[in-house]
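Notes for the structure review
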Amino acid sequence: MRYYSPISFQRIRSEMPRHRLATHDFEDILLCSIAVFDGLLPSLHDEIVLSLLFIACWFHSLAKLKMHTGVTLMALTTITTMFGRQMRRFKYETCDIIPTFELNREVSART
């Protein structure tokens with residue numbers, strides 16, 4: 001895992017319940033997750049997950065613009081298509097291969 005300066009990322013408040021997070025909190029989680037997932041999975045799946053996270057960050061940065069031009073709208077259309085393709089690739093090449101399980105607390109929270 002790569003190491004980053006402690007001032008590189010804003011601290012994520014862990015004491016706040018997930019349903020109370022603001023938009024900028026989700027953005028911080030998305031940005032920090034790239035460093036966390038780097039090298040966590042086998043190389044093919046690692047590349048898929050890191051690409052997906054990067055495209056999600058890119059999509060988010062374009063989507064949160066307050067004023068769009070023709071160029072940014074074209075870029076947003078392109079990145080939306082790339083995001084959909086990468087999500088499908090992740091589903092078929094990674095999700096179906098790596099076994100995952102829900103924790104007991106996740107199951108109980110869902111029911």
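Residues numbered from 1 in each chain as written. Predicted model: local features only at pLDDT ≥ 70, side-chain atom pairs only at ≥ 80, totals over all residues. Heavy atoms only, no water.

A few words on the overall build of the chain. Broken down by element type, the chain carries four helices and zero strands. Along the chain, helices and strands appear, N-terminal first, in the series α-α-α-α. Within the chain, the fraction of its 111 residues that count as buried is 22%. Accessible surface, the chain as shown: approximately 8,800 Å² in total, 64% of it carbon and sulfur. (Helix = DSSP H or I, 4+ residues; strand = E, 2+ residues; numbered from the N terminus. Buried < 20%, exposed > 50% of the residue type's maximum accessible area, 1.4 Å probe, protein only. Areas by Shrake-Rupley, 256 points an atom, 1.4 Å probe, with all protein chains shown as cover.)

Okay, the nonpolar core next. With five residues, the main nonpolar core is built from Leu 30, Val 49, Leu 53, Ala 56 and Cys 57. Of all the elements, helix α2 (residues 43-63) adds the most residues to this core, at four residues. Apart from residues lying up to four places away in sequence, Leu 30 is in contact with Leu 53, Ala 56, Cys 57 and His 60. (Core = buried A, V, L, I, M, F, W, Y, C linked by side-chain atoms within 4.5 Å. Contact = heavy atoms within 4.5 Å.)

Before going further, it helps to examine the confidence of the model for the chain. Within the chain, residue pLDDT values average 83, and 81% of them lie at 70 or more. Within the chain, the lowest mean pLDDT, 82, falls on helix α1 (residues 23-37), and the highest, 94, falls on helix α3 (residues 70-95). (pLDDT = per-residue confidence, 0-100.)

Two side chains carrying opposite charge are able to pair once their charged atoms lie near each other. Applying the stated rule across the entire model yields four salt bridges. Of the charged contacts, one joins Arg 89 and Glu 47 as a salt bridge, the two residues approaching to 3.1 Å between their closest N and O atoms. You can see Arg 89 sitting in helix α3 and its partner Glu 47 sitting in helix α2, a full 42 residues away along the chain. Residue classification places Arg 89 among the partly exposed residues on the basis of a relative accessible area of 25%. Judged by relative accessible area, Glu 47 falls into the partly exposed class, the value being 37%. Here Glu 102 makes a salt bridge to Arg 110, at a shortest N to O gap of 2.6 Å. The exposure class of Glu 102 is partly exposed, given its relative accessible area of 45%. (Salt bridge = Lys/Arg side-chain N within 4 Å of Asp/Glu carboxyl O.)

Residues Val 36, Phe 37 and Leu 40 make up a contiguous nonpolar surface patch of roughly 270 Å² in combined accessible area. Looking at the secondary structure, you find Val 36 in helix α1. (Patch = residues over 30% accessible without salt bridge, like charges linked within 9 Å, V, L, I, M, F, W, Y side chains within 5 Å.)

Each pocket or cavity is described by its volume, and for the largest pocket that value is around 280 Å³. What lines the largest pocket is Leu 30, Ser 33, Phe 37, Leu 41, Val 49, Leu 52, Leu 53, Ala 56, Phe 59, His 60, Phe 90 and Thr 94. The set of elements that each furnish at least two residues to the lining of the largest pocket consists of α1, α2 and α3. Per-class residue counts for the lining of the largest pocket are nine nonpolar, three polar and no charged. (1 Å grid on protein atoms, 1.4 Å probe; cavity = no way out; pocket = protein on both sides within 12 Å on 5 of 7 lines; lining within 4 Å. Points joined across faces, edges and corners; volume = space filled by probe spheres on them. Nonpolar A, V, L, I, M, F, W, Y, C, P; charged D, E, K, R; others polar.)

Glancing now at the side chain of Ser 33. With respect to the element layout, Ser 33 can be found in helix α1. A polar contact of 2.6 Å, which involves the side chain of Ser 33, links it to the backbone oxygen of Leu 30. (Polar contact = N/O pair within 3.5 Å; in protein donor to acceptor, adjacent residues only side chain to side chain.)

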